[in-house]
Number of protein chains: 2
Amino acid sequence: MSATTAKRLNTQYLSAERVAEIVRRKGLANCIAGVASYIRQDFLRWNDFDKCARVASHSDVGVIELMPVSDARSYAFKYVNGHPSNHRFNLPTVMAFGVLADVETGTPDLVSELTLTTAIRTAAMSAVAARALAREDVRSMALIGNGAQSEFQALAFHHLLGVEVFHLFDVDRSATRKLAANLERMGLAWRAFDSVREAVRGCDIVTTVTADKTNATILTADMIEPGMHINAVGGDCPGKTELHADVLKRGPVFCEFEPQSRIEGDMQQMPADFPVTELWQVLAGRIEGRTSAAQVTIFDSVGFALEDYSALRYMRDLALELGMAERLSLIPTLEDPKNLFGFIDADAFVDAALGRLKAEAL
Amino acid sequence: MSATTAKRLNTQYLSAERVAEIVRRKGLANCIAGVASYIRQDFLRWNDFDKCARVASHSDVGVIELMPVSDARSYAFKYVNGHPSNHRFNLPTVMAFGVLADVETGTPDLVSELTLTTAIRTAAMSAVAARALAREDVRSMALIGNGAQSEFQALAFHHLLGVEVFHLFDVDRSATRKLAANLERMGLAWRAFDSVREAVRGCDIVTTVTADKTNATILTADMIEPGMHINAVGGDCPGKTELHADVLKRGPVFCEFEPQSRIEGDMQQMPADFPVTELWQVLAGRIEGRTSAAQVTIFDSVGFALEDYSALRYMRDLALELGMAERLSLIPTLEDPKNLFGFIDADAFVDAALGRLKAEAL
């Protein structure tokens, strides 16, 4: 018991720097592949999870969300914000951290950064979906939106789907220059374009990962070509969309967790009875994904708590493998669990508590 | 800007040991009084807050909850579990930690233990309610349930309401012995009883703070005497009640946040139209509390996120005053917020990422 307790009350801690170091040691591409396989495993046991739409707190300038999910063994949640104007403060648009806890006792087992990890899991999720939905012979991908997510998407699609060339567009040319430089250093081929229309022309996959909290129409139906797979990542909260509604009519639409996606995805533009398929059904072989090479497939991704559960599991396992976890003391260790008072008690203190109080006015 | 950024990305961290040290230095009674005054301030601006019922994940053995709340400046949430059988693992029934974040940017400003702090804020909340609802001449309080919360309740009611003697009862006699010993050391008068009925007889205030996750009837209507104030703390989630339904008919019932209390409080036993008053209305002088010395008043407390917001604010301010906050690095500090990749990038790494991947099978 006491051994159990000791173990349980040592909450593991993964700082942003520590996760970056872990990723450097393991290799980013390996981490994306590893998280992708954890996500796949967890999506295949979809019905083991207690799922709910995330809890969002909206302000004029952004949103702060809590994303809980659990199975019989582990509970996970992510804290994540979305503040498109954060560059004004030289802060990331999206910042996150998360927790894994033990369902049997409620003890938090892991507190980890999730800003970097979210970029990895989002790219991994996109790749898992594309492997199930895109053609097998994909070679080119348009990357519309060249911000913080874009390198991770490129690396995921290069390594997990075999994409060889990336067509880049962003309204912010400095973002495109940044992405191009990073792709160069990874030895990945790219071409920059002056418009979305030019960037997507002839591509096998179109990934939209823009950040504005507006109902934008980055993609219109006339840009969509037969056989394309649309990986729509940036439209992920009410009032934040990237695809013109007609794009969603060009082919079957797939999502993560339907109740959340209907509120937050690009499909928020469609009626409540608009047909949509949860991706896990395709992964489990219950429903067909792409049915022909000429078909257009659309993954309307918003990011679901289960992906963070998978990513937290992966990072915890990897930190263990590399022996790199630190510790936090978030929970007091008590000799007698009913004597919480004893945790602060001390002869000197008790008198002090009363003494000081008399000295101060309430 | 960069100064701002640096400041914002240094998340303050208060470990369980650090909070215990802060409480020892300031004095527990002063901390309870301080949190009580912060709670009062925040309840008086009730309508500034974006409120929602907590998000609970129930299992056979317990519950894990997230409790978010925010105003225009700060966002707070608490992670808290409730596992009545945790003593089997020598773990507390309730363990918690929480976060304060900046609404303007979504940056987490503080991560703090909340196990100890929750005991302090719960006692503070009970005292704030009792000062508004109980008679002015209270001298005795029955403490039904002598677990982790009980010393904090006793200290709060002694210092903030002038209670001089405590009547103790718990089905677990060792818990009563523990509480009695702690009260002795604080110089507080107590008497132990063999039944709830004997313990509450003649008391001005009855505090129930039991832990079983069952519909218990700790208090029945025939035990209630004219002029009593009932401070019902332990009935705080669906299927977990302490008062017989008839007790709630003995006088006006007050709660924290009505939508949550109707689900989680002892009032979950009553019909949806059962009359109940939110405490802030009494604190704000909009609605009368107690109207006569003979009246029975009932505070059906469940614990609301705003109390944790207040407690987190207090602990942050106190840590600042005492210069005792530590730091966490949960969020990566980026030179270019659109270059998250750059946070892990390194010449060696890029080749390694590709190299290692080729070496491993996907």
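A quick note: this is a predicted structure, and the numbers were derived from the prediction, not measured.

Things to note about the interface of chain A and chain B
Then, in step 1: Contact residues are listed per partner, giving 96 residues for chain A and 97 residues for chain B.
Then, in step 2: Both sides of the chain A and chain B interface together cover about 8,900 Å² of buried area, and 66% of this is carbon and sulfur.
Then, in step 3: Taken together, chain A and chain B are joined by two salt bridges.
Then, in step 4: Applying the counting criterion to the chain A and chain B interface returns 28 residue pairs in polar contact (both at pLDDT 80 or more).
Then, in step 5: Considered class by class, the residues forming the side of chain A that touches chain B number 53 nonpolar, 22 polar and 21 charged.

Brief notes about the domain arrangement of chain A
Residues and elements named next belong to chain A.
Then, in step 1: One can read the domain layout of chain A as domain 1 (3–116 + 308–328) and domain 2 (133–303).
Then, in step 2: Placing a centre on the C-alpha atoms of domain 1 and another on those of domain 2 gives a separation of 24 Å.
Then, in step 3: Tallying the contact residues gives 22 residues for domain 1 and 20 residues for domain 2.
Then, in step 4: Here domain 1 packs against domain 2, burying approximately 1,800 Å² in sum over the two surfaces, 72% of which is carbon and sulfur.
Then, in step 5: Ranking the residues of domain 1 by area buried against domain 2 places Phe-43, Trp-46 and Arg-54 at the top, with a combined share of 30%.
Then, in step 6: Linking domain 1 with domain 2 are zero salt bridges.
Then, in step 7: Contributions of two or more residues to the side of domain 1 that touches domain 2 are made by helix H3 (28–43) and strand S4 (63–70).
Then, in step 8: In terms of residue count, H3 provides more of the side of domain 1 that touches domain 2 than any other element does, seven residues in total.
Then, in step 9: Residue composition of the side of domain 1 that touches domain 2, grouped by class: 14 nonpolar, four polar and four charged.

Some words on the side chain of Lys-178 of chain B
Then, in step 1: As for its position among the elements, Lys-178 of chain B is in helix H6 (residues 173–185).
Then, in step 2: Looking at Lys-178 of chain B, its side chain comes within polar contact range of the main-chain oxygen of Lys-338 of chain A, at 2.6 Å.
Then, in step 3: Apart from the residues within four sequence positions on either side, Lys-178 of chain B is in contact with Asp-336, Lys-338 and Asn-339 of chain A together with Asn-146, Gly-147, Ala-148, Ser-150 and Glu-151 of chain B.

Concerning the pairing of S4 of chain A
For a regular strand, side chains alternate in direction, first toward one face of the sheet and then toward the other.
Residues and elements named next belong to chain A.
Then, in step 1: Burial within S4 is extensive, with eight of its eight residues counted as buried.
Then, in step 2: Across two bridges, strand S2 (residues 50–51) lies against S4 in antiparallel orientation. What sits directly across from Lys-51, in S4, is Val-69.
Then, in step 3: Of the strand pairs in this sheet, strand S3 (residues 55–58) and S4 are connected by four bridges, and their pairing is antiparallel. When the bridges of S4 are listed, His-58 appears paired with Val-63.
Then, in step 4: Between S3 and the antiparallel strand that follows it, S4, lie four residues.
Then, in step 5: As defined by bridge partners, S4 adjoins strand S5 (residues 74–82) across eight bridges and the pair is classed as antiparallel.

Calculation rules
- Residues numbered from 1 in each chain as written.
- Chains lettered and ligands numbered in written order.
- Predicted model: local features only at pLDDT ≥ 70, side-chain atom pairs only at ≥ 80, totals over all residues.
- Heavy atoms only, no water.
- Contact = heavy atoms within 4.5 Å.
- Buried area = accessible area lost by both parts, 1.4 Å probe.
- Salt bridge = Lys/Arg side-chain N within 4 Å of Asp/Glu carboxyl O.
- Polar contact = N/O pair within 3.5 Å; in protein donor to acceptor, adjacent residues only side chain to side chain.
- Nonpolar A, V, L, I, M, F, W, Y, C, P; charged D, E, K, R; others polar.
- Domains from an automatic or database assignment.
- Helix = DSSP H or I, 4+ residues; strand = E, 2+ residues; numbered from the N terminus.
- Buried < 20%, exposed > 50% of the residue type's maximum accessible area, 1.4 Å probe, protein only.
- Pairing = 2+ DSSP bridges.

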